[in-house]
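Residues per chain, in single letters:
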Amino acid sequence: MLVPPRPWLSPAIEVRASPIEGRGLFAREPVPAGARVARFGGRLVGDAELRALIERSPTYVDTLSLDTDLNLVMPGRTDNGYGNHSCDPNLWEEPELWLVARRPIAADEEVTLDYGTITDDAAFSMPCCCGSPLCRGAVTGTDWALPELQQRYGRHWIPGLLRKQHADDAHG
């Protein structure tokens, strides 16, 4: 998988104050379903290097799990890093690390992603305050294994999590 060194964010998206958490990403204009909104970028590291980065970093490390022992660490605090979680997001993953609109997004609507679709760190857990009727109350590194999420998102997962789901199906 070719990973760009920097993330990309559509000019139709901007950072603003968020009712979900701190700052978030918002549509400046309507975004049609299927439109590319963002692309992850950064550098690839293994689990041990990621743990070391997190332990010695005085600030938040923006990362996602791509596969077993393969993680993407995004550079510094780019605008992409302000994307908030929702249990009923309007973005989801497409091949090659793209985030596309899951449904039409209205101007001034916050664009969100389900963090459960981008991590498999069993130690990861965060409270959720997304306000969606589908809110799980918490997001964990094992949400990828929830059948209702697998059904909701279909093939729209980080590639390694999709492979893990299929491996679990074969063994379960």
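Labelled according to an unreviewed UniProt entry, the protein appears under the name SET domain-containing protein-lysine N-methyltransferase, originating from Auraticoccus cholistanensis.

A few words now on the overall build of the protein. The secondary structure content of the protein amounts to three helices and 13 strands. Taken over C-alpha atoms, the radius of gyration comes to 15 Å for the protein, in line with the 16 Å a tight globule of 172 residues would show. Counting only C-alpha atoms, the protein reaches 40 × 35 × 30 Å along its principal axes. Counting over 172 residues, the protein shows a buried share of 47%. Intrachain contacts of the protein at a sequence separation of at least 6 include 63% that bridge at least 24 residues. As displayed, the protein offers around 8800 Å² of accessible surface, 56% of which is attributable to carbon and sulfur atoms. Placing the 17 positive and 24 negative side-chain charges of the protein at their respective mean positions leaves the two points 4 Å apart.

A word on the nonpolar core. Ranked by size, the top nonpolar core spans 30 residues in total, and within it Ile13, Val31, Phe40, Leu64 and Leu72 carry the most contacts. Secondary structure elements with two or more residues in this core: strand E2 (13–17), strand E3 (23–27), strand E4 (36–39), strand E6 (63–67), strand E10 (98–101) and strand E11 (110–113). Those residues within four positions of Ile13 in sequence are excluded, and the remaining contacts are Leu25, Phe26, Ala27, Arg28, Val31, Val37 and Val111. Of all hydrophobic cores here, the second largest spans eight residues; its members include Trp144, Trp157, Leu161 and Leu162.

So, how was this worked out
Residues numbered from 1 in each chain as written. Predicted model: local features only at pLDDT ≥ 70, side-chain atom pairs only at ≥ 80, totals over all residues. Heavy atoms only, no water. Helix = DSSP H or I, 4+ residues; strand = E, 2+ residues; numbered from the N terminus. Rg over C-alpha atoms; globule rule 2.2 N^0.38 Å. Buried < 20%, exposed > 50% of the residue type's maximum accessible area, 1.4 Å probe, protein only. Contact = heavy atoms within 4.5 Å. Areas by Shrake-Rupley, 256 points an atom, 1.4 Å probe, with all protein chains shown as cover. Lys, Arg positive; Asp, Glu negative; His and termini not counted. Charge placed at Lys NZ, Arg CZ, Asp CG, Glu CD. Core = buried A, V, L, I, M, F, W, Y, C linked by side-chain atoms within 4.5 Å.

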